[in-house]
Each structure stands twice: as C-alpha cells, then as structure tokens.
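# Understanding the architecture of this molecule
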Amino acid sequence: MRVGMGYDVHKLAVDRKLILGGVEIPFEKGLMGHSDADVLTHAVMDALLGAAALRDIGFHFPDTDPAYEGISSMKLLEKVGELLEEHMYLIENIDATIVAQKPKLQPYIEKMIKNVADVLHLQENQVNFKATTEEGLGFTGLLEGISAHAVCSIIPALDALSDDRMESSQGCGGCCMRKD
C-alpha cells in the first residue's frame with residue numbers, strides 16, 4: 001500500500017464562485033485561483049499524485065498554462081485518475097478535511113463525496129470528507145481563505161489480482177516442480 005498527502009489553500013475574494021468538491025456553494029465570496037480554485041479537489045489530487053510518486057498538480061497542470069484557466073477541477077481530477085490507471089494503481093480510499101469558518105459545509109458534503117467518487121470510479125464508501133472551522137483563528141478563521149488537507153491510500157493493481165496458481169500443490173501448473 002502507498003499513502004499520499006495533499007494540502008491546498010486559496011484566498012477568498014468577491015466576484016468568484018465558491019466551488020468545493022465540484023459543488024457550487026452559495027456564498028458572498030469565492031476562491032481565487034487560475035482554475036476554479038476548488039481547494040478540496042486540489043488537495044485530493046495532490047494526495048493521489050503523491051501516493052503514486054507522480055509529482056504534484058502544479059507539475060501536471062501549471063497555472064502558467066492558459067489551457068487550465070478557469071477549468072473545472074473535476075476535469076483535472078479525472079486526468080489524475082487516468083494517470084493513476086496508466087501507472088496501474090488502484091485507489092483504496094480518500095479522506096479529506098476542509099477548513100473554513102464560513103459557510104457551513106455539512107449540507108454539501110454528500111454531494112462532494114458523490115462527485116469525487118463518480119469521477120474516480122469509486123464507491124462512495126471509499127471517499128470521506130469532513131469540514132471544520134478554526135474557531136476564528138488564523139487566515140481561515142478570519143475569512144481570508146479556505147484550506148483543505150487530504151490523505152489517500154493506493155495499491156498497485158497487480159497486488160489486487162488473486163493468483164492462486166502458486167498456492168496449488170503443483171505450483172505454476174507443475175512446471176517448476178517436475179522431476180522428469
């Protein structure tokens with residue numbers, strides 16, 4: 001099993017949409033960024049890329065590339081899922097925490113989980129999101145920004161295959177056990 005960790009933060013600003021886990025949340029401010037600035041999805045992507053030793057989202061989707069300006073982070077997450085498949089990794093689970101003083105996020109958590117699970121072809125019980133405040137402390141507590149922390153575990157796809165040929169009494173068809 002391989003484990004990855006991700007972290008992201010974006011500044012809150014007027015005239016921006018607040019999107020977390022692919023869900024647009026009604027709020028007077030949104031997150032500043034080159035893409036849609038979905039801190040939750042960015043943290044999840046970095047955790048997955050880190051677990052697979054595939055660098056980070058800035059390496060794959062640089063904020064200097066106009067192709068990613070305003071792009072949905074869910075599309076980027078889909079590309080990260082494809083990268084993991086290309087490198088033959090399976091996602092075991094994802095767990096993340098969003099740190100935001102406001103707005104209250106609990107009503108949107110289930111939809112965020114569903115969005116991420118759907119994009120990555122996972123069961124919803126493989127994805128868990130939580131939200132917390134910092135009790136008015138720090139930049140999130142002062143409503144200057146929102147951050148997210150994520151961890152995940154992945155396994156090489158070959159480890160998931162059940163191969164009982166070597167466990168049989170004849171080994172691999174008996175080829176290496178023959179004494180003729």
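As a reminder, the structure under discussion sits directly above these lines.
Our subject in this report is the structure included herewith.

Each value, and the rule that gives it
Residues numbered from 1 in each chain as written. Predicted model: local features only at pLDDT ≥ 70, side-chain atom pairs only at ≥ 80, totals over all residues. Heavy atoms only, no water. Salt bridge = Lys/Arg side-chain N within 4 Å of Asp/Glu carboxyl O. Helix = DSSP H or I, 4+ residues; strand = E, 2+ residues; numbered from the N terminus. Buried < 20%, exposed > 50% of the residue type's maximum accessible area, 1.4 Å probe, protein only. Core = buried A, V, L, I, M, F, W, Y, C linked by side-chain atoms within 4.5 Å. Contact = heavy atoms within 4.5 Å. Patch = residues over 30% accessible without salt bridge, like charges linked within 9 Å, V, L, I, M, F, W, Y side chains within 5 Å. Areas by Shrake-Rupley, 256 points an atom, 1.4 Å probe, with all protein chains shown as cover. Pairing = 2+ DSSP bridges. Axes fitted to C-alpha atoms, helices over the stretch in contact; angles between N-to-C directions. Expected span 1.5 Å × (residues − 1). Polar contact = N/O pair within 3.5 Å; in protein donor to acceptor, adjacent residues only side chain to side chain.

Time to look at the pattern of salt bridges. Taken as a whole and assessed by the stated rule, the structure comprises 3 salt bridges. Close ionic contact of Asp-95 with Lys-130 constitutes a salt bridge, the shortest N to O distance being 2.6 Å. Of this pair, Asp-95 sits in strand 5 (residues 89–99) while Lys-130 sits in strand 6 (residues 127–132), and the two are 35 residues apart along the sequence. The exposure class of Asp-95 is partly exposed, given its relative accessible area of 24%. Given the relative accessible area of 33%, Lys-130 is considered partly exposed. The residue Lys-114 makes a salt bridge to Asp-118 at a minimum N-O spacing of 2.8 Å. Placement of both Lys-114 and Asp-118 in helix 4 (residues 109–120) is noted, with a separation of 4 residues, approximately one turn of the helix.

A word on the nonpolar core. Membership of the largest hydrophobic core comes to 49 residues, with the highest contact counts inside it found for Leu-20, Val-44, Leu-48, Ile-94, Met-112, Phe-129 and Ile-154. Of all the secondary structure elements, the ones that give two or more residues to this core are strand 2 (18–20), strand 3 (23–25), helix 1 (39–51), helix 3 (73–86), strand 5, helix 4, strand 6 and strand 7 (145–156). No other element matches helix 1, which puts 9 residues into this core. In contact with Met-112, other than residues within four places in its own chain, are Leu-20, Gly-21, Val-23, Ile-25, Leu-40, Ile-98 and Phe-129.

It is worth spelling out a nonpolar patch on the surface at this point. Side chains of Tyr-7, Val-9 and Phe-139 sit close together on the surface and give an oily, nonpolar patch of about 240 Å² of accessible area. Checked against the element boundaries, Tyr-7 lands in strand 1 (residues 2–13). Among the residues examined, Tyr-7 registers a relative accessible area of 38% and is labelled partly exposed.

All right, on to the sheet that holds strand 1 then. Strands sit in the order 4-1-7-5-6 across an open sheet of 5 strands; the sheet is mixed. One side of each edge strand has no neighbouring strand; the edge strands of this open sheet are strand 4 (30–31) and strand 6. Note that strand 5 and strand 6 share 6 bridges and pair parallel. Residue Val-99 lies in a different strand from strand 6, and its bridge partner there is Thr-132. Strand contacts of helix 1: strand 1, strand 4, strand 5, strand 6 and strand 7, with the helix running at about 155° to strand 1, the strand carrying the most contacts.

In this model, helix 1 (13 residues) spans 18 Å end to end at C-alpha, consistent with the 18 Å of a helix rising 1.5 Å per residue. Taken across its 13 residues, helix 1 has 12 buried, putting it largely inside the fold. Buried within helix 1 we find Val-39, Leu-40, Thr-41, His-42, Ala-43, Val-44, Met-45, Asp-46, Ala-47, Leu-48, Leu-49 and Ala-51. Trailing helix 1 by a residue or two, Ala-53 shows a phi angle of about 55°, which is positive.

A word on helix 4. Its 12 residues place the ends of helix 4 17 Å apart at the C-alpha level, agreeing with the 16 Å of an ideal helix rising 1.5 Å per residue. Buried residues of helix 4: Ile-109, Met-112, Ile-113, Asn-115, Val-116, Ala-117 and Leu-120, and no others. Its buried side turned inward, helix 4 meets strand 2, strand 3, helix 1, helix 3, strand 5 and strand 6. Positive backbone phi, at 60°, marks His-121, one or two positions downstream of helix 4.

With respect to the helices and strands, the residue Ser-35 is situated in the loop between strand 4 and helix 1. Residue class for Ser-35 comes out buried when judged on its relative accessible area of 8%. There is a polar contact of 3.2 Å between the side chain of Ser-35 and the backbone nitrogen of Ala-37. A distance of 3.3 Å separates the side chain of Ser-35 from the side chain of His-42, its partner in a polar contact. Not counting chain neighbours up to four residues away, the residues in contact with Ser-35 comprise Arg-16, His-42, Tyr-68, Gly-70, Ile-71 and Ser-73.

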